[in-house]
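# Structural overview
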Amino acid sequence: MEWFHNLFFGNSSFWGGGVAHSVLILALVIALGIALGKLKIGGIRLGVTWILFVGIAFSHFGMQLNEHLVHFVKEFGLILFVYSIGLQVGPSFFSSFKKGGVKLNMLATAIVFLGVIAAYIVHLATGLHITTVVGILSGAVTNTPGLGAAQQAYADMTGIDAPDIATGYAVAYPLGVIGIILSMLFIRWIFRIRFDEENKILSSREDNSRQAVRVSVEVKNQFLDGKTVLQIKRLINRQFVISRVLRPDGHIEIANAQTPLRVGDKVMVVTTADNAELVEDFLGEKIDMEMQEWEK
């Protein structure tokens, strides 16, 4: 059974530095976490949170990873995470400021500052090392990028890593997840929220938001100058069709996938109601043009 022990608990001479062993352990943690995330407990599914729980269990039984690989995976994983979030929210980031985005960002900033103040009070009251408290703060609010930022900042300041940050994060994260779930259940009970009724309201709103609308837009985005309709379509993950193009010389043409757009062109766009404002901001500026002008 020696080979079995080496397979899971690692042996540098057997694995040639432990990289292969580390990759195996990471793959098992991710696979088991995703599989368990599909299970429902009391009607609640924890999803990818299970990956953290499985990782904690593996670590408890002494399964260690190659430190160089861990550093790479940690940094690269954080980069992918933040980059993916940017791709998801980027197209609607600036347009959200027109719909209460400033207020929401101010509230988010206030929550962060309140969390920092609360963490510092805990540090003074309990005497816990500040690195552990920072990890607890990140875990309590399930803020993985915050964990990465804290670890990097500490390493830049001192030249060494602080494992206490990750330890505090790992301890507080499960409680943070459970606390959020219990809070949502409590709010649901207090306000007598019924999912069937809420789903009906959401369905009616979605039906209205998916209705087709026609808008006229003047192209002002310099980045789109010279790009074809197909290229523009691929740049933004939204449903819309550019139907007609009015050139500066007054010529109107029916657009197709290979029609190039220039700054100063006016286009007629058919899209859904919920995508209209985003498409307008992406292309340029909305203008008032009657359908009769497009039919000339």
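The written sequence of each chain sets the order in which its residues are numbered from 1. Local features in this predicted model are restricted to residues of pLDDT 70 or higher, and side-chain atom pairs are both shown and tallied only at a pLDDT of 80 or more, whereas totals for entire chains, interfaces and linings draw on every residue. Only heavy atoms go into the side-chain values, all of them from the structure, while hydrogens and water stay out.

## Some remarks on the pairing of strand S2 (residues 240–246)
- Relative to strand S4 (residues 266–272), S2 is paired through 6 bridges, and the arrangement is antiparallel. In the sheet register, Val-241 faces S4, and the bridge partner there is Val-270.
- In the sheet, S2 pairs with strand S3 (residues 252–254) via 3 bridges, with the strands oriented antiparallel. Considered in S3, the bridge of Arg-244 is made with Ile-254. DSSP bridges decide pairing: two strands pair if at least two such bridges lie between them. For the purposes of this entry, the term helix denotes a DSSP run of H or I that reaches at least four residues, the term strand denotes a run of E that reaches at least two, and both are numbered from the N terminus.

## Focus: helix H8 (residues 144–158)
- The span expected for a helix works out to 1.5 Å for each residue beyond the first. Over its 15 residues, H8 extends 21 Å from the first C-alpha to the last, a length consistent with the 21 Å expected when each residue adds 1.5 Å.
- Accessible area is worked out with a 1.4 Å probe on protein chains only. A residue is then buried under 20% of its type maximum, exposed over 50%, and partly exposed in between. For H8, the set of buried residues is Gly-146, Leu-147, Gly-148, Ala-150, Gln-151 and Ala-155.
- We define a polar contact as two N or O atoms separated by no more than 3.5 Å, with the added condition that, inside protein, one atom must be a possible hydrogen donor and the other a possible acceptor, whereas residues neighbouring each other in sequence contribute only through side-chain atom pairs. With a side-chain oxygen lying 3.0 Å from the backbone nitrogen of Gly-146, the N-terminal cap of H8 falls on Asn-143.
- Taken from the residues just after H8, Gly-159 is the one with a positive phi, measuring 85°.

## Here's the deal with the packing of aromatic side chains
- Each pair of aromatic rings taken from Phe, Tyr and Trp, with Trp reduced to its six-membered ring, is defined by centres within 6.5 Å and is described as stacked if the planes are under 30 degrees apart, edge-to-face if over 60, and tilted in the remaining cases. A complete count under the given rule lists 4 aromatic pairs for this structure.
- Their ring planes at 10° and their centres at 5.5 Å tell us that Phe-72 and Phe-76 sit as a pair that is stacked. In this pair, Phe-72 and Phe-76 both sit in helix H5 (residues 67–93), 4 residues apart, roughly one turn of the helix.
- For the ring pair Phe-186 and Trp-189, a centre distance of 6.2 Å and an interplane angle of 40° mean the geometry is tilted. You can see Phe-186 and its partner Trp-189 sitting in helix H9 (residues 163–190), 3 residues apart, about one turn around the helix.
- In this structure, Lys-227 is placed above the aromatic ring of Phe-223, and the distance from its NZ or CZ to the ring centre is 4.2 Å.
- One Lys or Arg, Lys-233, reaches over the ring of Phe-240 and ends 4.9 Å from the middle of that ring. Criterion for a charge above a ring: Arg CZ or Lys NZ at most 6 Å from the ring centre, at most 35 degrees from the ring normal.

## A word on the nonpolar core
- Within the largest apolar cluster, 17 residues are counted, with the highest numbers of intra-cluster contacts made by Phe-240, Ile-242, Leu-261, Val-267, Val-269 and Leu-283.
- Those elements that place two or more of their residues in this core are strand S1 (212–219), helix H11 (229–235), S2, S4 and helix H12 (276–283).
- Discounting chain neighbours no more than four positions away, the residues touching Val-267 are Val-215, Ser-216, Val-217, Val-219, Ile-242, Arg-244, Val-245, Leu-261, Leu-283 and Trp-294.
- Put simply, a nonpolar core is a bunch of buried Ala, Val, Leu, Ile, Met, Phe, Trp, Tyr and Cys residues held in one set by side-chain atoms that sit within 4.5 Å of each other. One finds Ala-162, Ile-165, Val-177 and Ile-181 within the second-largest nonpolar core, a separate group that totals 8 residues. Throughout, a residue-residue contact means that at least one pair of heavy atoms, one from each residue, lies within 4.5 Å.

Any link to function would need more than the numbers given here.
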